[in-house]
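# Inside the fold
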Amino acid sequence: MPSSLLWAVDVHGRVYSLSTAGQYWELCKDESLQFKRLAAVKQCCWGIACDHQIYVYVHSSEVPIHYQEETYENQRWNPVDGFSDRLLPSDRWQWSDVTGLIHQPLNEFKLASPQWEWESDWYVDENIGGEPTEKGGWTYAIDFPATYTKDKRWNSCVRRRRWIRYRRYNACDMWAKIPLQETGPLPDPFNDIAVGGWEITDEPLGHLSVWAVTVQGKVFYRENINDQNPEGSIWTEIQTPGEVVQITCGPGDLLCAVLWEGQLIVRDGINRENPKGSSWKIVEPPNSENGLVQVSVGVNVLWAITRDRRRGRNPRLNGNALCPPFCMNFALVSFKCTSSEVWFRRGVCSENPVGTGWICMNIEMVMVNVGLNDQVWGIGYEDRNIYFRHGVTPTEYSGKAWKIIVASREHDRASRTGSATSLASAGCFFGDEVRLPSQVSISSEVDFSSEMDKLAKKTENILETIGERASCPHASGDGDGDVASSPDIEKKCADVANVFETIPLMGASSEKWVQPVAEPSVSQAPYLTDQGGPLQDGAELIIAHSISNTMSSDPAETSSVSSVGTYPFGIEEHYVSDERPLWAWLSGGGCEVEAHTQLNWFTAQSGQPFSQLSFSMPISCTQQTVWRKQIIHQLTERSKRELEDFKHYEQAVEQSVWIKKGAMQWWRDGKPYKWIDVRVALEQFTGNDGKRDGIFFIYYTFNDEKKYLHVFSNEITILVPIANETKHSFAIYTPERTKQRWPIRLATTTEQEMYDWLAVLSLACCDSRDLHGPPSNQALWSVTCKGDIFVSEPTPNLEAAQHPLPSDQLYWRQIGGHLRIIESNSQGIVWGIGYDHTAWVYTGGYGGGFFQGLASSTDNIYTQADVMCVYIYENQRWNPVTGYSSRGLPTDRYMWSDASGLQECTKAHTKPPPQWTWVSDWYIDFNAPGGTDREGWQYAADFPASYHGYKTIKDFVRRRRWARKCKIVTTGPWFEVGPVALRDISLIPCVSQKADDASALWAISSKGDVLCRLGITKQNALGLSWLHIGTDQPFASVSIGGYYQVWAIARDGAAFYRGSVSPQNPTGDCWYHIPPPSKQKLIQVSVGQTSVYTVDENGNLWFRQGISPSYPQGSCWQHVSTNVRKVSVGPLDQVWIVADKVQGSHSLSCGTVCHRMGVQPREPIGSGWDYGIGGGWDHITIRANSMETSHNPVSMASDNAPMNLPNQDGTVGDNSRGNLIVSEQQELNGHAVNC
């Protein structure tokens, strides 16, 4: 998981950030500003400075922030001038927005603030719907408004064209002041701010809701904040039932505020159409006498602080903290202060934002803040330290305990390290550890922790005595008043050292006990002198003891690691002159902490060098080295002598048999098709040649007759877990069963038992093929519809022209992890993209997930999380009495169903896939294909039909899609690449095998930006940074092939070619527009060495003809096949696809891997398809397989001949294009692993 930041402000207004991957607070770069409030999210942080103005800090990214300004030029035709700007009085403006209602001339576009700059001049957009327009970019229509086309007709009376200009935001990684608005009411000075709303149901990606409170108690909302416009546009006032003192906003639709009277108000009606909400609801505080002063909300939680006026102590003086050994006479100052009690609100969620009741947490804090994943932070009332709520999970939102964050500041670490180094070189080391002489005896039976407890108590009593009896004289210029010279104090210091002598030397240090201490003022700071030198400010205090009970004057004796042992001195904090930070405000809205996340925030970091932590050795390092070499030499000679006498013996061969048995259920191959109870056994044995093999038996009873099935482990081609809500099942494929699309299906009682069997069977298959360790650089990678990752090792004859290896004989083994897309090249570099658009890079390991022991590597395995949406459909039919309702015809689909309408799926009974957990509630999906209306409905004439997002008189049915997010956490050899979310990636397929040669990678971000990754090599597959490639519109797919050919597909379905890309110019020069095939919208592209293939939205596979070095754009598109879902073209121009439906011996199979046969230089589109593993596959990449093979045209053997499918005219024969066409009315194979 990429690191994220926790933001905080100290009492001096200085802003700090603490990374989840770090252990020190870092001071914000701009130290001239002082802040009092912060509200952070992942991409930015908003704050209110001491001048009551609002600032925003936007994190920089490899993808710059662009904002597209657009306006339309409108013209009308007249018989005198032709098309001109002379419009009718009832027409729209000559320069307007897309609706024609707003006047937008070019010269009136101004930069929103000084943080923006123009990136280019105005230019005309010459594309419409993915197709180029005539020169000038004009589109024509009969009148305003109407449907515009690129072709000019005889009745085209009006025309328009779009002008575009981009501006760039250049104020990243700095505090930028939000400009005062020129129109509308000017807000008063601001007093509080809240940021959230990025997870409002189906809100556009990158949207943020920013709320602010003025000093007069008014609430304002910032309009139009998104990724392209981080500053927003204007402030809009929101009416409230009273004066507001504080406001908070969660990631979703929860918004709360605190009134001056101490009441809580909750905003209702926040949704996609109205992110500002509609009304307020009042919630009474837990105690009518003590109202609320501060609240914070998340997704499903609400935490609050109440006021309770009573007498207390100075919060800067912690009563539980130990005073320094040489402390001054501090007096506790009694004063009136506000004691704040923490409360938790039960039952808070989107459906019930007011919750059900209050729970007191019995702790006092200044403020609390809820961050991502409903994690909670707070600032302590007494000590002003930051606390983290430990144990917050989706099942226990209130958490378990508070843990103090003891991370120090960056400059404190530098000061502490410098002081320790200088003092150690001077002969005395001041740190947080006590040194012991090397003569102390070592005893491993002593309980170290209990002895340390006794030590702490004895030392505390001694230090208290020192603090009572020692006075703190004023420091003079000549160094008089040395406290260390007092005989009483020296005696007590010796007593402390004697206490430590009673504890044996251990090999490991225990955890330090850290407690904050009050710091004396500068005028009262004591001095500790050693050899005439005072202990300067910033040094750390330590009590040291030598053999003579005095501090040694020899630097060598005090600094040698071989003569001293060290122990943590855990009863006081480092004594430094610069006071520890007293925190005033914090924000965790951009800090992502998972339940399994390991943080380094809760352990104090010592300034002592690592070498000082070592303990004494009995002999020198030189003596140890000689001794080790002597022992190794003697053992080697002994081994040679013993083996010499047995050379004439025959080599022994171990023959063993290993059996694993169990009970399962098996889906019968024949009638009656049903699950029956069976006994299974895996028998593994070692042959005379030393190779391991195995047989898997299935014993069952049919018609009172005992029977069995068996399959050899070297015949199994793949083991696939099946997504089934009622059974924990998996499938076993062999070459013959792959042809039939009819695998062996087995089900276990529990999920864990299923994964145990999968791991054992996978290991047995790998043993029989002598296949272990990570995949080779030439491996084929694929992903199933479930997100499972499989890899196969190719053979030299896989792409052979004569007797090629059939695709159904490839063995696929599973690799841990979860991905949606995967790409590789022959350097062994592999990248993938998850369902949540997170990019991952392969680390070189193997196994992970349910693989353990020998089936998984011990290193390079990391935790991987992925999030996806589960969809169900609400269906309705129109009738003349009630209109649209859930009363359908008897022949209609279920009123709550899946996309096909064949399976009933309700909100209550729909469960997440196995290993997944829900992380959100059901919500309406407004991004369904085809568009929706304002309520999410899609309309059609009947079920099933083509749906559209508007209602017509012929529409008698409608549906809307509901979505719910779920999450999986697994492990695998994948490392997360952040922070840019990706939609598509492509690696150059064939490059030099040198480790230091750069490998090109192009990608499409989730927003449609084109990116190029720099610095990718075999040794650094992660790369260095992203480089943004400018485009006029968002893109959907990209591919880089041999000779640095870069092709891309825009979201409107058009193809583009990037010119002049080379190792010296990795980004190229410009885009060349390539029109798509007629009436088709392209969605994916793959480029090989010389071939370019694309897939359109209707499943057609296209080949680009006429590509040559002099004309790399090609000449035209040639249709190759139908029924194609994905295509992958390799470095030898080999073509592999994932087919939608393939005919088997029983029925159809969805998501089948197919190999194009007969691909040769003279016939680049091949002759037919060879069917491989399936179904249930979603993605494959062949781009790493660069094994050279012969391309001599020969006829294929009969047993490897591709299967011919019906042509478009319904005939069956030799189809040169090898269409993958099947009858839509045939029953899908429910026994294969379908999508």
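Just so you know, these numbers come straight off a predicted model, no measurement behind them. (Residues numbered from 1 in each chain as written. Predicted model: local features only at pLDDT ≥ 70, side-chain atom pairs only at ≥ 80, totals over all residues. Heavy atoms only, no water.)

Right, let's get into the overall build of the chain. Looking only at helices and strands, one finds seven helices and 75 strands in the chain. Expressed as a percentage of the 1235 residues in the chain, the buried residues total 52%. Considering only residue pairs separated by 6 or more positions, the chain has 61% of its internal contacts joining residues 24 or more positions apart. (Helix = DSSP H or I, 4+ residues; strand = E, 2+ residues; numbered from the N terminus. Buried < 20%, exposed > 50% of the residue type's maximum accessible area, 1.4 Å probe, protein only. Contact = heavy atoms within 4.5 Å.)

Mapping Gln1033 onto the fold places it in the loop between strand S62 (1025–1029) and strand S63 (1035–1040). Look at Gln1033 and you get buried, because its relative accessible area is 17%. Note: C-alpha distance between Gln1033 and Asn127 (906 residues apart in sequence) is 9.6 Å. When sequence neighbours within four positions are dropped, the list of residues in contact with Gln1033 reads Asn127, Gly1008, Ala1050, Asp1052 and Phe1056. Among the polar contacts listed, one links the side chain of Gln1033 to the side chain of Asp1052, at a separation of 3.4 Å. (Polar contact = N/O pair within 3.5 Å; in protein donor to acceptor, adjacent residues only side chain to side chain.)

Here the structure, examined in full by the defined rule, presents 27 salt bridges. Between Arg162 and Glu70 there is a salt bridge, and its shortest N-O distance comes to 2.8 Å. With Arg162 in strand S15 (residues 158–169) and Glu70 in strand S7 (residues 66–78), this pair connects stretches of sequence that are 92 residues apart. When the shortest N-O distance is used, the salt bridge between Arg1125 and Asp1178 registers 3.6 Å. With Arg1125 in strand S71 (residues 1124–1129) and Asp1178 in strand S75 (residues 1177–1181), this residue pair connects regions lying 53 residues apart in the sequence. Via salt bridges that share partners, Glu70, Asp125 and Arg162 belong to a single interconnected network. (Salt bridge = Lys/Arg side-chain N within 4 Å of Asp/Glu carboxyl O.)

We now examine the sheet that holds strand S48 (residues 821–824). The pairing of strands in a sheet comes from backbone hydrogen bonds and takes either a parallel or an antiparallel form. Strand order in the open sheet formed by four strands is S48-S49-S50-S58, and the pairing between neighbours is antiparallel. Every interior strand has two partners, whereas the edge strands, S48 and strand S58 (974–977), have only one. Averaged over all pairs of adjacent strands, the angle between their axes in this sheet comes to 25 degrees, without regard to strand direction. Direction of pairing for strand S49 (residues 830–833) relative to strand S50 (residues 839–842): antiparallel, over a ladder of three bridges. For Ile833, the partnering residue across the bridge sits in S50 and is Ala839. (Pairing = 2+ DSSP bridges. Axes fitted to C-alpha atoms, helices over the stretch in contact; angles between N-to-C directions.)

The next thing to look at is the nonpolar core. In terms of nonpolar packing, the biggest core is built from 33 residues, with Trp175, Trp377 and Ile405 touching the most fellow members. Ranked by residue count, the leading element in this core is strand S1 (residues 5–10), at four residues. When residues no more than four places from it in sequence are discounted, the contact partners of Ile405 are Leu6, Leu18, Trp377, Ile386, Phe388, Trp601 and Phe602. In this structure, Ile698, Met754, Trp757 and Cys766 belong to the second largest nonpolar core, which totals 30 residues. (Core = buried A, V, L, I, M, F, W, Y, C linked by side-chain atoms within 4.5 Å.)

Moving on, we get to the sheet that holds strand S3 (residues 24–27). Taking strand neighbours across the sheet as the criterion, the five strands line up as S32-S3-S2-S1-S37 in an open arrangement whose pairing is mixed. Each edge of the open sheet is held by one strand with a lone partner, namely strand S32 (408–409) and strand S37 (583–587). Relative to S3, strand S2 (residues 15–19) runs antiparallel, the two sharing two bridges. Counted as the bridge partner of Tyr16 is Leu27 from S3.

Compared with the 26 Å implied by 1.5 Å per residue over 18 residues, the 26 Å span of helix H7 (residues 751–768) between its first and last C-alpha is a close match. Here H7 has its buried residues at Met754, Tyr755, Trp757, Leu758, Ala759, Leu761, Ser762, Ala764, Cys765, Cys766, Asp767 and Ser768. Measuring from the side-chain oxygen of the N-cap residue of H7 to the backbone nitrogen of Glu753 gives 3.2 Å; that N-cap residue is Thr750. Directly beyond the C-terminal end of H7, a positive phi value near 55 degrees is found at Asp770. (Expected span 1.5 Å × (residues − 1).)

Moving on: the pairing of strand S64 (residues 1046–1050). When you tally the buried positions in S64, you get five out of five residues, the bulk of the element. Across the two faces of S64 the burial is the same, with Val1046, Ala1048 and Ala1050 and Trp1047 and Ile1049 all buried. Where S63 folds back on S64, the antiparallel hairpin that results is connected by five residues, among which Tyr1043 adopts a positive phi of roughly 60 degrees. The sheet contact formed by S64 and strand S65 (residues 1055–1058) spans four bridges and is antiparallel. Paired with Val1046 across the strands is Arg1058, a residue of S65.

This paragraph deals with the packing of aromatic side chains. Applying the stated criterion across every chain yields a total of 45 aromatic pairs. Seen from their ring centres, Trp211 and Tyr221 are 5.0 Å apart, and the 65 degrees between their planes marks the pair as edge-to-face. Here the residue Trp211 occupies a position in strand S18 (residues 208–214), and Tyr221 occupies one in strand S19 (residues 219–225), the gap between them amounting to 10 residues. Comparing Trp211 with Tyr221 shows no difference in burial state: the two are buried. Both rings, one in Trp303 and one in Trp402, keep their centres 5.9 Å apart while their planes meet at 75 degrees; by these two values the pair is edge-to-face. One end of the pair, Trp303, is in strand S26 (residues 302–313); the other, Trp402, is in strand S31 (residues 401–404), with 99 residues separating them in the sequence. (Phe/Tyr/Trp six-rings, centres within 6.5 Å; stacked < 30°, edge-to-face > 60°.)

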